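Below are the chains, spelled out letter by letter.
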Amino acid sequence: MTVLPNTRYRTVFYALTNGTKTDVYTVPTGVWAEIINVNVCASAGAAGTCTIASYDLSATTEYVYTYRDAVPAAGSLDIPCYPIHLEAGDILRATGAAGQHLTITMIEVGRGA
């Protein structure tokens, strides 16, 4: 893979606290991001579900990638993203149970990367 100037690989960790939609990552100004993978772990040992979506700022529209995918009590759910391209101001969102931990792997490119 060719790495462009002002490129960085990044991993974002997020602990969900309740069953409401939560903004877990917003693309900074002057940057675009390629979301490579999202991993959801039921860290409290209770099975649940998780929904992953993104908000496209330029289209003012939310797009759902996975809807209520099962997260096992013992193990985790990997959501390959192939990647998901997000531009400055776009938001990655998650809805899941308390005790679910997200690991988001991405590449950021641009002035602020």
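Coordinates for the structure precede this section.
What to know about unusual backbone geometry
- Its identity as a non-glycine residue notwithstanding, Arg68 has a phi of 50°, on the positive side.
- Position of Arg68 among the secondary structure elements: in strand S5 (residues 61–71).
- Exposure remark for Arg68: the relative accessible area of 52% places this residue in the exposed category.

What about the state of the cysteines?
- Per the counting criterion, the structure on display carries 0 disulfides.
- Just so you know, Cys50 is unpaired, no disulfide at all, and the nearest cysteine sulfur is the one on Cys81, 11 Å from it.

Quick word on the environment of Arg111
- Summarising the element assignment, Arg111 is placed in the segment after strand S8 (100–110).
- By relative accessible area, which is 67% here, Arg111 ends up exposed.
- In sequence terms Arg111 and Trp32 are 79 residues apart; their C-alpha atoms lie 9.5 Å from each other.
- In this structure Arg111 touches Thr29 and Gly30, once residues within four positions along its chain are discounted.

Points about the side chain of Thr66
- As for its placement among the helices and strands, Thr66 is situated in strand S5.
- Thr66 gets classed as buried once you look at its relative accessible area, which sits at 8%.
- Once residues within four sequence positions are removed from consideration, Thr66 is found in contact with Cys50, Thr51, Ile52 and Ile79.

Overview of the pattern of salt bridges
- Evaluated as defined, the whole model comprises 5 salt bridges.
- Salt-bridge contacts for Glu108 lead to Arg10; the nearest nitrogen and oxygen are separated by 3.0 Å. Pair noted here: Glu108 is in strand S8 and Arg10 is in strand S1 (residues 7–15), with a separation of 98 residues, a long-range link.
- Its relative accessible area of 28% is what places Arg10 among the partly exposed residues.
- With its nearest N and O atoms 2.8 Å apart, the salt bridge here joins Arg93 to Asp23. Residue Arg93 is located in strand S7 (residues 91–96), and its partner Asp23 is located in strand S2 (residues 22–26); the two are separated by 70 residues in the primary sequence.
- Overlapping salt bridges bring together Lys21, Asp23, Glu62 and Arg93 as one network.

Calculation criteria
Residues numbered from 1 in each chain as written. Predicted model: local features only at pLDDT ≥ 70, side-chain atom pairs only at ≥ 80, totals over all residues. Heavy atoms only, no water. Helix = DSSP H or I, 4+ residues; strand = E, 2+ residues; numbered from the N terminus. Buried < 20%, exposed > 50% of the residue type's maximum accessible area, 1.4 Å probe, protein only. Disulfide = S-S within 2.5 Å. Contact = heavy atoms within 4.5 Å. Salt bridge = Lys/Arg side-chain N within 4 Å of Asp/Glu carboxyl O.

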